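The lines below spell out each chain.
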Amino acid sequence: MSSILKLLTLFGLIALLNGNILGASKENMAVTKDKIIPRTVSTSIVMGEKQYYIGTFQKLNWYEASLACAKRGMTLTAIESMEENDNLRKFLYNQSLMEKGYWTSGSNLADVNQYTWMATGSTPIYTNWVAAEPEIVESKCVCTNELFKWKTEVCADTKQYYICSRPLLPPCGVKGACRFSYYPF
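As the structure is a prediction and not an experimental result, all values here were calculated from the model. (Residues numbered from 1 in each chain as written. Predicted model: local features only at pLDDT ≥ 70, side-chain atom pairs only at ≥ 80, totals over all residues. Heavy atoms only, no water.)

Colleague: Go over the overall build of the protein chain, please, and point to the residues and values.
Modeller: A count of helices and strands for the protein chain gives three helices and ten strands. When the helices and strands of the protein chain are placed in sequence order, the string is α-β-β-β-β-α-β-α-β-β-β-β-β. Counting only residues that meet the buried cut, the protein chain has 34% of its 185 residues in that class. Considering only intrachain contacts with a sequence separation of at least 6, the fraction spanning at least 24 residues in the protein chain is 59%. (Helix = DSSP H or I, 4+ residues; strand = E, 2+ residues; numbered from the N terminus. Buried < 20%, exposed > 50% of the residue type's maximum accessible area, 1.4 Å probe, protein only. Contact = heavy atoms within 4.5 Å.)

This is the structure we're talking about:
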């Protein structure tokens, strides 16, 4: 092998180990004994007025999933309409991801008798519950089943994939026109 070819092979190997091939970064690569594999097999998509991130690499409990979304500048999603629910279900079906369950931002952590979207602070207006749900038991969070119907599971114990989202338009508008008031105690 010529010395130039050996040099190119060496540089290619170094780039691969550093995760610089195909725009990968160190935090998006997992190194095993025999190979380097991408950490994220997840999907990002814009639908309607939200950008979604579908976390399908690793099952997490609800708190871990919330943290994973926050690291992306997102929250676990609040499914606020039948159209949004159907669009997500169809997207997951078309991506062959329907057989998985996904965390949403719904929970009864603030009030055991009422489920709330933690992403928005609002009570769900549209619902898509499985029969006999929601359960009124402490520390339950909302996830989907394999048909994309909603059910409740124990937030800390159950591991699920997750759906993050964020609005495309910031709450203050494109120019950041929020007006904040200061109220002393």
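On we go.
Colleague: Any chance you could break down the environment of Tyr-115 for me, citing the residues and the numbers?
Modeller: Relative to the elements of secondary structure, Tyr-115 occurs in strand β7 (residues 114-117). Sequence-wise, Tyr-115 and Ile-136 are 21 residues apart; in three dimensions their C-alpha atoms are separated by 8.9 Å. Discounting chain neighbours no more than four positions away, the residues touching Tyr-115 are Ser-107, Asn-108, Thr-123, Pro-124, Trp-129, Pro-134, Glu-135, Ile-136, Lys-140, Val-142 and Thr-152. Of note is the side chain of Tyr-115, whose polar atom sits 2.5 Å from the backbone oxygen of Glu-135. (Polar contact = N/O pair within 3.5 Å; in protein donor to acceptor, adjacent residues only side chain to side chain.)

Colleague: With reference to specific residues and values, describe unusual backbone geometry.
Modeller: That bond from Glu-133 to Pro-134 is cis: its omega, 5°, falls within 30 degrees of zero. Inspection of the secondary structure assignment puts Pro-134 in the loop between β7 and β8 (140-144). Look at Ser-139: it is not a glycine, yet its phi comes out positive at around 55°. The topology assignment puts Ser-139 in the loop between β7 and β8. Residue classification places Ser-139 among the partly exposed residues on the basis of a relative accessible area of 34%. Even without glycine at this site, Phe-148 takes up a positive phi of about 65°. Phe-148 gets classed as buried once you look at its relative accessible area, which sits at 1%.

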